[in-house]
Amino acid sequence: MLLYSFAQQNPETAKQNIQKILATYFNSIFKKDSATFCGLFAMDSVSFYGVNSPGTYQGLLKQYPKAGFIMKDNHKGFIHFVTSSKKKAEEKYRNVHIWHDNTEATIFFNYGFWIDGKETNWGMETWQLIINGKEWKIMSALFSINDPRLTPDPDERG
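Residues numbered from 1 in each chain as written. Predicted model: local features only at pLDDT ≥ 70, side-chain atom pairs only at ≥ 80, totals over all residues. Heavy atoms only, no water.

Quick look at the environment of Phe69
Within the fold, Phe69 resides in the loop between helix 3 (54-63) and strand 2 (70-72). Expressed as a C-alpha distance, the spacing of Phe69 and Pro152, which sit 83 residues apart in the sequence, is 19 Å. Not counting residues up to four positions away in its chain, the partners in contact with Phe69 are Gly50, Val51, Asn52, Ser53, Pro54 and Tyr57. (Helix = DSSP H or I, 4+ residues; strand = E, 2+ residues; numbered from the N terminus. Contact = heavy atoms within 4.5 Å.)

So, in structure tokens, the structure goes:
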């Protein structure tokens, strides 16, 4: 019989460690650090989906008639986009909520994605995380996509 034993974190320590994952994620985008960014994910292939808001989708269709409502990507494609550009990329977050039971966690927050100081999209983002026995890893990311030219970010209005 094979038994596994893992030391369980107290709830507050677990929450702090999850918050560190969030900060590391955004820092690695800002620093264009793909190794750190990719190390945050549980596997090479995790769910990473964006869903256009109806207004953004209608605006996209005018410019790109074959645009999809749902954008399926992966974290490697996203960080490649960030690191391959000479432009400054930054993702800002606010209104963070974390629920966990020391084994799996859900993070919910509002985000804004910025390129060269200009917000390019904003929305809500949700992550699922798991503990792999010693550290938290991201299993999935789902985010809404709003074009601020069509629907201004309510947190960025003067």
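A word on the nonpolar core
Judged by nonpolar contacts, the single largest core of 30 residues is most densely connected at Tyr25, Ile29 and Trp127. Elements supplying a minimum of two residues to this core: helix 1 (11-30), helix 4 (75-84), strand 3 (89-100), strand 4 (104-115), strand 5 (118-131) and strand 6 (136-145). When residues in this core are grouped by element, the largest group, seven residues, is from helix 1. Setting aside residues up to four positions removed in sequence, Trp127 forms contacts with Ile21, Leu22, Tyr25, Ala105, Thr106, Ile107, Phe109, Ile138, Ser140 and Ala141. (Core = buried A, V, L, I, M, F, W, Y, C linked by side-chain atoms within 4.5 Å. Buried < 20%, exposed > 50% of the residue type's maximum accessible area, 1.4 Å probe, protein only.)

Observations concerning the packing of aromatic side chains
Following the criterion strictly, the structure yields 18 aromatic pairs and no others. Relative to Phe41, the ring of Phe37 has its centre 5.4 Å away and its plane inclined at 50°; by these criteria the two rings are tilted. Phe37 sits in the buried class, given a relative accessible area of 0%. Seen in terms of ring centroids, Tyr93 and Phe109 are 6.3 Å apart; in terms of plane orientation they differ by 70°. Their pairing is edge-to-face. Taken together, the residues Tyr93 in strand 3 and Phe109 in strand 4 connect sequence positions 16 residues apart. Assessed through its relative accessible area of 35%, Tyr93 is described here as partly exposed. Above the plane of the ring of Trp114 lies Lys92, whose end atom (NZ or CZ) is 3.9 Å from the centre. (Phe/Tyr/Trp six-rings, centres within 6.5 Å; stacked < 30°, edge-to-face > 60°. Lys NZ or Arg CZ within 6 Å of the ring centre and 35° of its normal.)

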